[in-house]
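# Inside the fold
Next come the chains, spelled out residue by residue.
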Amino acid sequence: MTATPADPAAGAARGRASTPLSKLLLPVPEGYALGADIAGYGNDDELPAKQAAALLKESGRGFYGKKRREYEEAVDRLGIQGMAMRSYAQQDSSLQAEVLILRMKDKKKVREFFEVRKEMSEFLELRKGPKITEYARTSACYLGPKPEKPETYGDEVRSPALQAMICSAYDGEVMVTVTAFGAPPFEDKDVAGLVEKQLRHIASPGEYV
């Protein structure tokens, strides 16, 4: 049976919007469905402050020693109040994106942490990704290592590893992190489009994009 817009199942397919934070998450757009679970949680979930901070600290696992401590201290200073998360998968299974929405206490700290995330990406020598033109000052995207060419072993052709892209953005006291993975050819513009839709939705959370 196909759910109609009036059915609860139809709303659930686009993601829940039962809390102030979950309402800020982009409803699942056309061409996508809810994706895989995120970091051992659900694919459409919400975390309290302590768990949210711990999950954000995990994103600094590329750092070691002093750099790692500085990153974790920066997370502690944010005053995280909570996190909503949702994963999206293109219906042809070519792309999976994980979106985290964090609410902080202090707008200034959000802007400062956005700069920390940019410095982190550059320290890890990630490649600059596409710009979100409408939000060029408040967003930044980076791509993982360049894709390798397919390798042939006898009659077997091994495809390159999944490609990755991570974007950070902010709007007032809200910070957005989008991490996407996809098989080559990786469509980074699709990810940029998803980030743009998410930022527009934060500006007008009552309107489905």
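Scope of this entry: the structure provided in the associated data block. These numbers were taken from a predicted model, which means no experiment stands behind them.

Below, the discussion takes up the packing of aromatic side chains. Two aromatic rings, taken as a pair, are described by how far apart their centres are and by the angle between their planes. Under the criterion given, the structure shown has two aromatic pairs. On the numbers, 5.7 Å between centres and 35 degrees between planes, the contact of Tyr-71 with Phe-113 is tilted. A residue pair is termed long-range when its members are at least 10 positions apart, and Tyr-71 in helix 3 (residues 65–76) and Phe-113 in helix 4 (residues 107–123) qualify at 42 residues. There is no split in this pair, since Tyr-71 and Phe-113 are both buried. Geometry around Phe-123 places Lys-67 over its ring, the cationic atom sitting 4.9 Å from the centre.

Turning our attention to the pattern of salt bridges. Under the definition given, this model contains eight salt bridges. Here Asp-76 makes a salt bridge to Lys-57, at a shortest N to O gap of 2.9 Å. In this pair, Asp-76 sits in helix 3 while Lys-57 sits in helix 2 (residues 49–58), placing the two residues 19 residues apart along the sequence. One salt-bridge network, in which partners are shared between bridges, spans Glu-134, Glu-196 and Arg-200.

This part covers helix 4. Its 17 residues place the ends of helix 4 25 Å apart at the C-alpha level, agreeing with the 24 Å of an ideal helix rising 1.5 Å per residue. When helix 4 is considered as a whole, its buried residues turn out to be Val-110, Phe-113, Phe-114, Arg-117, Met-120 and Ser-121. Mapping the buried residues of helix 4 onto a view down its axis gives an arc of 120 degrees, with all of them on the same face. Its buried side turned inward, helix 4 meets helix 2, helix 3, strand 6 (139–143), strand 9 (163–171) and strand 10 (174–182). Capping of helix 4 at its N-terminal end is provided by Asp-106; its side-chain oxygen lies 2.8 Å from the backbone amide nitrogen of Lys-108. Just downstream of helix 4 lies Glu-125, where phi reads positive at about 60 degrees.

Reading the values: the criteria
- Residues numbered from 1 in each chain as written.
- Predicted model: local features only at pLDDT ≥ 70, side-chain atom pairs only at ≥ 80, totals over all residues.
- Heavy atoms only, no water.
- Phe/Tyr/Trp six-rings, centres within 6.5 Å; stacked < 30°, edge-to-face > 60°.
- Helix = DSSP H or I, 4+ residues; strand = E, 2+ residues; numbered from the N terminus.
- Buried < 20%, exposed > 50% of the residue type's maximum accessible area, 1.4 Å probe, protein only.
- Lys NZ or Arg CZ within 6 Å of the ring centre and 35° of its normal.
- Salt bridge = Lys/Arg side-chain N within 4 Å of Asp/Glu carboxyl O.
- Expected span 1.5 Å × (residues − 1).
- Arc of directions from axis to C-beta.
- Contact = heavy atoms within 4.5 Å.
- Polar contact = N/O pair within 3.5 Å; in protein donor to acceptor, adjacent residues only side chain to side chain.

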